[in-house]
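Here's the letter readout for the chains.
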Amino acid sequence: MQDLNVSKLRFVEVSCDLCESNDFRLIYSVFFLKLEFRFVHCLACGLIYQNPMLDKLSRFHIYETIEYWDHKKSTSPGPMLNYYSYRSDEDALKRTNEIRIRWLCSRLKKNDRVLDLGCSNGLFVQALNRAGFRATGVDASLSMITQGQKKGGLRLIQTDFESEWPFDEPFDAITCYATLSNFSSASKVFRQIRRHLRPGGYFFFNFGDAQRPVSRMLGSRLYLFRPTATLIYSKDVIQRYCQKFGLKILQVKNDIQVVPLARLCGFFRLPGLLETIEAIGLRNSSLKMKLLTGYTACAVNEEPPQ
């Protein structure tokens, strides 16, 4: 895993991914590592997106860095990009995975095939296998895939979500947790989800919603407004994406996660509070909480792919 090289980051002007409109207004301008990231609101459909947007090579570079996955070990100046220490948060992640597995078990059968998008080092794939499913994980980060493959017995593949996926047989379910905002083109990903999900198969996912009251109160400090968060949704926008690509939403509810206190500081860019937490010995403490800044959802593929 490498250090972040800011000189490798490039921006491109983009149109709205959902409706292709260029009619937008600026809502936030935030700074990371002395670079400006601008977030705009599409006046035609309501999608919030980064514009200009980090190009694909820039985002793929970030996904291979220590700053993204384990900021506490980085030497880069500036605020945390994403996680404080994803790689040492396994206990909290495993407890969150238990919550998600219970929901999947309410709709799936043992031995069903499940694809996890954004699998990182494969913890959720491992939990799916232990629950009796046949799971495969894909992620853009080769570093995290390589780390996960050391666990043994996990089928993890490094791939670009927005290109053709390397699978011939359809899946009974596709999951996508803490990843949906990182796509530069969710439309391309939703198209692949529809293509690789069997008729009657389920799509389980979560998403941050910048329109929720708590999100509005946090404003630009909301964890969604960070370098790799290229698309930011609302319930209405997610409904539009699902309808556009032949998926029917069955349920949307408050997302529940087990979140380390240090990770919360990273999400909301509060390094001062992090120092306090470390000073009083609570760095590894976690909270099971409803995230009132987003939702978890389940959709179904009602028809065969076109």
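Structure first, text after, so check above.
Residues numbered from 1 in each chain as written. Predicted model: local features only at pLDDT ≥ 70, side-chain atom pairs only at ≥ 80, totals over all residues. Heavy atoms only, no water.

## Description of the sheet that holds strand E6 (residues 113–117)
Taken in spatial order, the seven strands of this open sheet run E8-E7-E6-E9-E10-E13-E12, and their pairing is mixed. The sheet is open, and its two edges are formed by strand E8 (155–158) and strand E12 (247–260), each paired on a single side. The sheet shows a mean angle of 20 degrees between the axes of neighbouring strands, taken without regard to direction. Strands strand E9 (171–176), strand E10 (197–208), E12 and strand E13 (286–301) of the sheet are contacted by helix H3 (residues 90–105), whose axis makes an angle of about 155 degrees with E12. Against the sheet, helix H6 (residues 186–196) engages E6, E9, E10, E12 and E13, with an angle of about 145 degrees to E10. (Pairing = 2+ DSSP bridges. Helix = DSSP H or I, 4+ residues; strand = E, 2+ residues; numbered from the N terminus. Axes fitted to C-alpha atoms, helices over the stretch in contact; angles between N-to-C directions. Contact = heavy atoms within 4.5 Å.)

## Examining the packing of aromatic side chains
All told, the structure shown has 20 aromatic pairs when counted by the stated rule. On the basis of an interplanar angle of 75 degrees and a centroid distance of 6.4 Å, the ring pair of Phe24 and Tyr49 is categorised as edge-to-face. Of the two residues, Phe24 sits in strand E2 (residues 24–32) while Tyr49 sits in strand E4 (residues 48–50), which places them 25 residues apart along the sequence. Take Tyr49: its relative accessible area is 1%, and that puts it in the buried class. In this structure an aromatic cluster arises from ring pairing among Phe190, Phe203, Phe205, Phe207, Tyr233, Tyr241, Phe245 and Tyr295. Taking the ring centre of Tyr177 as reference, the NZ or CZ of Arg100 above it sits at 4.1 Å. (Phe/Tyr/Trp six-rings, centres within 6.5 Å; stacked < 30°, edge-to-face > 60°. Buried < 20%, exposed > 50% of the residue type's maximum accessible area, 1.4 Å probe, protein only. Lys NZ or Arg CZ within 6 Å of the ring centre and 35° of its normal.)

## Quick word on the nonpolar core
Counting 63 residues, the largest nonpolar core has Leu47, Leu117, Phe203, Phe205, Tyr233 and Tyr241 as the members making the most contacts within it. Judged by nonpolar contacts, the second largest core, of 21 residues, contains Val125, Ile145, Tyr177 and Cys298. (Core = buried A, V, L, I, M, F, W, Y, C linked by side-chain atoms within 4.5 Å.)

## Quick word on the sheet that holds E4
Taken in spatial order, the four strands of this open sheet run E2-E3-E4-E11, and their pairing is antiparallel. If you trace the sheet from one side to the other, it starts and ends with E2 and strand E11 (231–232), each paired once. Relative to E11, E4 is paired through two bridges, and the arrangement is antiparallel. Opposite Ile48, over in E11, you have Ile232 as the bridge partner.

## Side note on the pairing of E6
Across the five residues that make up E6, a large majority, five, are buried. Alternating residues of E6 divide into Arg113, Leu115 and Leu117 and Val114 and Asp116, and every residue in both groups is buried. Here E6 runs beside strand E7 (residues 134–139); their pairing, made up of five bridges, is parallel. By the bridge assignment for E7, Arg113 is matched with Arg134. The parallel pair E6 and E7 is bridged by helix H4 (residues 123–130), and the resulting crossover is right-handed. As paired strands, E6 and E9 are joined by four bridges and run parallel to one another. Along E9, the bridge assignment pairs Leu117 with Cys176. (Right-handed = clockwise from strand over helix to strand, strands pointing away.)

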